Amino acid sequence: MLTNDSKREKSLGEHIVRGSFWMIAARWAIRLTGVVSTIILARLLNPSDFGVVAMAMIVVGMLEVLNQTGQKLAIIRHPAPVREDYDTCWTISILIGLGIALVIVILAPVSQFYFHNPTVVPVMRFLALRSAIGGFENVGALDFRRNFEFDRLFRYNLYPKLISFVVTISLAIALRNYWALVGGMISFAIATIVLSYAMHPYRPRLSLAKIREVWSFSFWTLIRTIGWYLNFQVDLFAIGGVAGAAAMGRYSVATDVASSPSRELNEPMVAVLYPVMAKAQHDLPRLRELYLQVLYWSVIICAATGIGVALIAHDMVHVLLGPKWTGLEPLVVWLALSAGLLGLASGAYTTFDALGIPQLGARMQWLRLLLLCIAVTPVAVITRDLQLVAATRFFVTLIFLPTLFFAVGRTIDVSPADYIRAFWRPFTAAVVMSSGVWAINFIVHIGGVWRLGLDVTAGAGLFVTSLLLLWTLSGQPESPERDILNVARAQLRAVSRLAQGLRYPPIKLARPGIDPDGITSSVGSSEENR
């Protein structure tokens, strides 16, 4: 019989595995929709169209991040929230959303002086509508994440993206300009709000009864979120001010293509980690175990995808985006490596939040932002070289990570040896993958979609095989490799059962009173027997 502790650990582990499956499925379904959308839009629109929207979104997004004050995380973290907590969270979101929309409208004329592009003004004013309506999303939908209902969260995240995809592509075909992208964003916001009330029965009311409790946690979360957003925008902001819309559009698309594989696998797992950690917030050894478990998964994912995308950058740009985007290859290489490194930091901020010390995460985000501003801004202004800007982002991230790992180590007692155990096998497997792909390309002289397919297949096979071999040579410790092997075995057993079932179909035998299809028959029924 399981003890209470072992039952709890099993339950938490199951939540991570099951939740990660649904969240990764959702993110990849959304990302697949986004990739298809980007490929289609890249052939219908020009780089300057993407650049105009990217310019507007720097200002709009920087203001919209103010609505991420952490009020939602406070609800998820709360051990027993009541109606007043939910209603206060909803009211705060509405007030901030309306305030942000007003500020966007006011700042829109000013933005054209920095970007030297008057088309940014109407785009920003239209996007203010998204901010105004976004705060009305049903706060009850937080229960999907709080109660580990990740299957419902899957549908909640996916359906608005599908609606936005249809609207964006339709508008792009009809208009052939940047308004297609803007219309898609607005449709996504509207669909999310409608779905939030359709999927959850909670009906919020205006209230500020718990504003003191919510704000005490959410203030530092807001500061951290602002730093997080600016970290992703500082290079785009610098490029937009000195290089124009076309250059900014190219850099924006390169960032999306390069970082998507790492982010869309890693971030869903971290999203699952927060409610699980919140349940164990007073159990420091358990928090440490959860952090190391997720860190190891992050290293596997980010080593494979970051280095993998860098290896196939040339063919990926040419095959997926087309000739208009030639020259993005060096950008994709640096940005993919940078995204892979940054993914390793994801679980750290979740750990700080779960422990109730979001101020530490805020300080770390602003430290990284300071380093980026000091390094990236002069490079962009002096050289106007997009590749140098991307390379600078990579090296700043590389320098910053040890500081973050040290902060986590001091907080939950993670030693340098723990980090080494998490890093060495995945990165060694990535080196084997890189060497194998280079060797194949040296021997086999093909190009285009065929080489892209060969590199992806061979790279994935080499990475997984070498990772499992290193794990076996290390004595098969309890780590994600065991989970990978168990999943592979389960899939093989499922395929074997399916094949056996097709070869020997089951024979249905009728029982008295029940026909072969399981429907009650009148013949031999108890009523007739009586």
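Residue indices begin from 1 for each chain and proceed along its sequence in written order. In keeping with the predicted nature of the model, local features appear solely for residues at pLDDT of at least 70, side-chain atom pairs appear and are counted solely at 80 or more, and the whole-chain, interface and lining totals rest on all residues. To get the side-chain values, all heavy atoms of the structure are used, and hydrogens and water are removed first.

Undergrad: What am I meant to see in the pattern of salt bridges here?
TA: Side chains that differ in sign of charge can pair as their charged atoms come close. A pairing counts as a salt bridge when a side-chain nitrogen of Lys or Arg comes within 4 Å of a carboxyl oxygen of Asp or Glu. Within the structure shown, the criterion is met by seven salt bridges. With a shortest N-O distance of 2.6 Å, R288 and D418 are connected by a salt bridge. Separated by 130 residues along the polypeptide, R288 in helix α11 (residues 284-311) and D418 in helix α17 (residues 416-443) bring together distant segments of the chain. Burial status follows relative accessibility: with a 1.4 Å probe on protein chains alone, a residue under 20% of its type maximum counts as buried, one over 50% as exposed, and anything between as partly exposed. Judged by its relative accessible area of 25%, R288 falls in the partly exposed class. A salt bridge links D315 to R451, with the shortest nitrogen-to-oxygen separation between them at 2.7 Å. One end of the pair, D315, is in helix α12 (residues 313-321); the other, R451, is in helix α18 (residues 448-473), with 136 residues separating them in the sequence. Where salt bridges share partners, they join R288, D418 and R421 into one cluster. A helix here means a DSSP run of H or I that spans at least four residues, while a strand means a run of E at least two residues long, and both kinds are numbered starting from the N terminus.

Undergrad: What is the right way to look at the environment of I100 in this model?
TA: Here I100 shows up in helix α4 (residues 83-115). Counting along the chain gives 36 residues from I100 to E64, while the straight-line C-alpha distance between them is 6.4 Å.

Undergrad: Where do I start with helix α7 (residues 150-175) in this structure?
TA: Side chains of residues three or four places apart in an α-helix project in the same direction, reflecting 3.6 residues per turn. The end-to-end C-alpha separation of α7 is 37 Å, in line with the 38 Å expected for 26 residues at 1.5 Å each. With its phi angle positive at about 60 degrees, R176 sits one or two positions after the end of α7. Expected span of a helix, by definition, is 1.5 Å for each gap between consecutive residues, and there is one gap fewer than residues.

Undergrad: Sorry if this is basic, but what is going on with unusual backbone geometry here?
TA: Of note, R176 is a non-glycine position whose phi angle comes to about 60 degrees, a positive value. By the element assignment, R176 lies in the loop between α7 and α8 (179-199). Given a relative accessible area of 48%, R176 falls into the partly exposed group. In this structure, R384 is a non-glycine residue whose phi angle is positive, near 55 degrees. The topology assignment puts R384 in the loop between α15 (358-383) and α16 (386-412). Classification of R384 as exposed rests on a relative accessible area of 55%.

Taken by themselves, the reported measurements are silent on function.
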